[in-house]
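# Examining the three-dimensional arrangement
Listed below, chain by chain, are the residues.
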Amino acid sequence: MTQAEIPATTLGLLPGDTQAVPVSLVTTGSWAKVEAGLEPTQRSFARAIGFKPKAGGLALLPGPDGSLARVLFGLGDPEAAAHDRLLVGKLPGLLPEGVFRLDDAPEPTEAALAWLMGSYRFGRYRSGGGSQARLVAPAGIDAAEVERIAAAVAMGRDLVNTPANDLGPAEIEAAARTLGARHGASVTVTQGEALATEYPLIHAVGAASPRAPRLIDLTWGPADAPRVTLVGKGVAFDTGGLDIKPSAAMLLMKKDMGGAAAALAAADMVMGARLRLRLRLLITAVENAVSGNAFRPGDVLPSRAGLSVEIGNTDAEGRLILADALALADADSPDLILDFSTLTGAARVALGPDLPAFFTEDDALAEAVAQAGRAAIDPVWRMPLHAPYASLLDSKVADLNNVSGGPFAGAITAALFLRRFAPNTKAHGHFDLYGWNPSTKPGRPEGGEVQTARLTYTLLKTRYGG
């Protein structure tokens with residue numbers, strides 16, 4: 001499979017259409033005015049069905065001939081703390097086939113993006129896709145920008161949703177090469193003996209699989225521009241290795257390459273917008289399998305950074321492959337490093353599936369990331385890089401262990417482990433994300449999700465223009 005063979009799963013916006021069915025987005029504050037402006041029969045119909053402008057409330061109002069003439073959709077109270085800014089993304093799953101336009105959208109760009117993200121369907125393995133509701137681009141928005149972002153999100157979601165039998169390290173490489181070719185980026189790949197020599201941790205983690213591990217290195221942009229490096233964990237499937245996971249814990253392990261998908265989606269947005277920066281994207285693509293040559297608990301492995309690592313648990317493989325990529329990134333002295341990974345269950349216990357953990361020593365970067373997350377409706381929560389916990393990674397036989405050996409602070413110790421491999425880059429941020437929507441929410445269908453990709457694009461666009 002190549003990326004080009006993955007079906008397109010997000011529809012674009014349509015140009016102006018006077019025949020489009022209007023959708024009135026109604027808040028608790030605007031309902032009285034909207035209701036007063038309805039045709040008398042429509043007003044009576046809305047009252048008869050008990051429509052209220054609560055969040056997600058829906059009314060399909062008929063015209064004189066019985067056809068659909070107008071839609072009412074409740075936004076609730078936009079000032080409420082629990083208000084979902086992607087609420088319009090619920091509409092594509094509620095409306096019949098047809099062409100619609102949004103009336104009185106408080107934030108038309110957000111509404112259009114929410115609609116497109118809510119239109120996503122992963123249909124590769126289903127016969128027939130069915131027709132969907134389409135949206136006319138709201139006036140005054142940058143429709144091309146919205147479509148680029150939605151398409152990048154869909155691309156990343158498709159990668160996460162594709163099962164591991166059809167998406168291994170080679171297919172992750174193919175996706176990166178397709179992306180690079182589309183934007184005029186250069187892509188190099190290291191595997192085989194060169195990988196074993198130059199990136200021994202990546203090689204060790206992937207050696208047990210017949211699908212060869214590799215490091216994918218994409219570069220784009222002028223050489224004299226500010227340098228930004230994105231690093232993504234691409235574990236195509238994670239059995240846990242010899243510390244094998246129970247079967248229930250393996251069910252979603254096709255998503256263990258969610259960090260790579262998020263990094264690829266963010267890179268797609270950056271290159272599509274032609275931001276003035278020198279982008280480097282490093283993807284560590286492996287499968288953590290079980291065979292006679294699998295790395296073992298108690299092994300001591302070398303790393304690209306020169307640090308020796310004792311293996312306390314083979315199921316903590318993500319930090320190992322990221323370590324070699326971070327050492328490569330750090331040696332290049334970029335202005336910013338961001339790494340993305342579905343790294344720890346501890347982060348999910350602390351913050352749940354919807355809120356990725358973010359770690360950095362750079363307070364200015366932390367504030368910028370928080371602002372970008374709010375602006376992009378792609379939030380994260382900063383967690384502490386509590387330095388004293390680094391001693392939990394001490395080893396009696398190596399420079400450090402890959403796990404702490406205890407039940408506490410698992411996400412923090414994982415972040416501290418990674419920090420050891422990029423010591424010279426202060427502006428280094430680590431995202432520990434889930435990469436999956438456990439249930440459907442507006443604009444976020446159940447399944448793979450590229451959390452932090454839109455945040456990253458917003459952060460870089462703010463810093464470097466576009």
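Described in the following lines is the structure provided in the data block. (Residues numbered from 1 in each chain as written. Predicted model: local features only at pLDDT ≥ 70, side-chain atom pairs only at ≥ 80, totals over all residues. Heavy atoms only, no water.)

### Re the packing of helix 9 (residues 258–273) against helix 14 (residues 453–464)
Packed helix pairs are characterised by how far apart their axes lie and by the angle those axes make with each other. Axis separation between helix 9 and helix 14 bottoms out at 8 Å; the angle between their running directions is 35°. The two elements helix 9 and helix 14 cross, and the hand of that crossing is right-handed. When helix 9 is examined against helix 14, the residues Ala262, Ala265, Ala266, Met269, Val270 and Ala273 are found in contact with a partner set consisting of Ala453, Arg454, Thr456, Tyr457 and Leu460. Partitioned by chemical class, the residues of the contact of helix 9 with helix 14 number 9 nonpolar, 1 polar and 1 charged. (Axes fitted to C-alpha atoms, helices over the stretch in contact; angles between N-to-C directions. Helix = DSSP H or I, 4+ residues; strand = E, 2+ residues; numbered from the N terminus. Left-handed = near helix turned anticlockwise from the far one by under 90°. Contact = heavy atoms within 4.5 Å. Nonpolar A, V, L, I, M, F, W, Y, C, P; charged D, E, K, R; others polar.)

### A few points about the nonpolar core
For soluble globular proteins, the rule of thumb is that nonpolar side chains tend to be buried together. Counting 86 residues, the largest nonpolar core has Leu25, Val88, Leu102, Trp115, Leu277 and Phe431 as the members making the most contacts within it. Looking at this core element by element, the count peaks at 12 residues for helix 9. Excluding residues that lie within four positions of it along the chain, Leu277 makes contacts with Trp220, Gly221, Pro222, Ala225, Pro226, Val228, Val270, Leu460 and Tyr464. Counting 42 residues, the second-largest nonpolar core is a separate cluster that includes Ala204, Leu393, Phe421 and Ala422. (Core = buried A, V, L, I, M, F, W, Y, C linked by side-chain atoms within 4.5 Å. Buried < 20%, exposed > 50% of the residue type's maximum accessible area, 1.4 Å probe, protein only.)

### Quick notes on the sheet that holds strand 4 (residues 98–103)
If you walk across this open sheet you meet the 5 strands as 2-3-1-4-5, and the pairing is mixed. Of all the strands in the sheet, just strand 2 (58–62) and strand 5 (133–135) have a single pairing partner and so form its edges. Strand-to-strand twist in this sheet, taken as the mean axis angle between neighbours without regard to direction, amounts to 30°. By the bridge criterion, 5 bridges tie strand 2 to strand 3 (residues 68–76) in an arrangement that is antiparallel. Looking at strand 3, one finds that Leu60 is bridged to Val71. Against the sheet, helix 2 (residues 40–48) engages strand 2 and strand 3, with an angle of about 145° to strand 2. Running over the sheet, helix 3 (residues 108–118) touches strand 4 and strand 5 and is turned about 150° from strand 5. (Pairing = 2+ DSSP bridges.)

### Here we look at the pairing of strand 9 (residues 278–288)
With 10 of 11 residues buried, strand 9 lies mostly within the body of the structure. The pairing of strand 7 (residues 214–220) with strand 9 spans 7 bridges and is classified as antiparallel. Each residue of the ladder has a partner; that of Trp220, found in strand 9, is Leu279. Here 10 bridges tie strand 8 (residues 227–238) to strand 9, and the two strands are oriented parallel to one another. Counted as the bridge partner of Val235 is Val286 from strand 9.

### Considering the environment of Val71
Within the secondary structure, Val71 sits in strand 3. Measuring from C-alpha to C-alpha, the distance between Val71 and Val21 comes to 7.4 Å, with 50 residues separating the pair along the chain. Not counting chain neighbours up to four residues away, the residues in contact with Val71 comprise Val21, Pro22, Val23, Ser24, Leu58, Ala59, Leu60, Leu95 and Phe100.

### A word on the packing of aromatic side chains
Taken as a whole, this structure holds 6 aromatic pairs when the rule is applied. When the centroid spacing of 6.3 Å and the interplanar angle of 45° are considered together, the rings of Phe100 and Trp115 count as tilted. Linking Phe100 in strand 4 with Trp115 in helix 3, this pair joins segments that are 15 residues apart in sequence. Judged by relative accessible area, Phe100 falls into the buried class, the value being 1%. (Phe/Tyr/Trp six-rings, centres within 6.5 Å; stacked < 30°, edge-to-face > 60°.)

### Let's talk about the pattern of salt bridges
If charged atoms from side chains of opposite charge come close, those side chains can pair. Enumeration over the complete set of coordinates arrives at 27 salt bridges. With its nearest N and O atoms 2.7 Å apart, the salt bridge here joins Asp217 to Arg280. With a gap of 63 residues between them, Asp217 in strand 7 and Arg280 in strand 9 connect regions that are remote in the sequence. Its salt-bridge partner being Arg419, residue Glu361 comes within 3.0 Å of it at the nearest N-O pair. With Glu361 in the loop between strand 13 (357–359) and helix 12 (363–376) and Arg419 in helix 13 (residues 410–419), the pair connects residues that are 58 residues apart, well separated along the chain. Using a relative accessible area of 46% as the deciding quantity, one classes Glu361 as partly exposed. (Salt bridge = Lys/Arg side-chain N within 4 Å of Asp/Glu carboxyl O.)

### What about unusual backbone geometry?
The residue Asp104 is not glycine, and still its phi comes out positive at about 60°. Of note, Ser333 is a non-glycine position whose phi angle comes to about 50°, a positive value. Judged by its relative accessible area of 46%, Ser333 is partly exposed.

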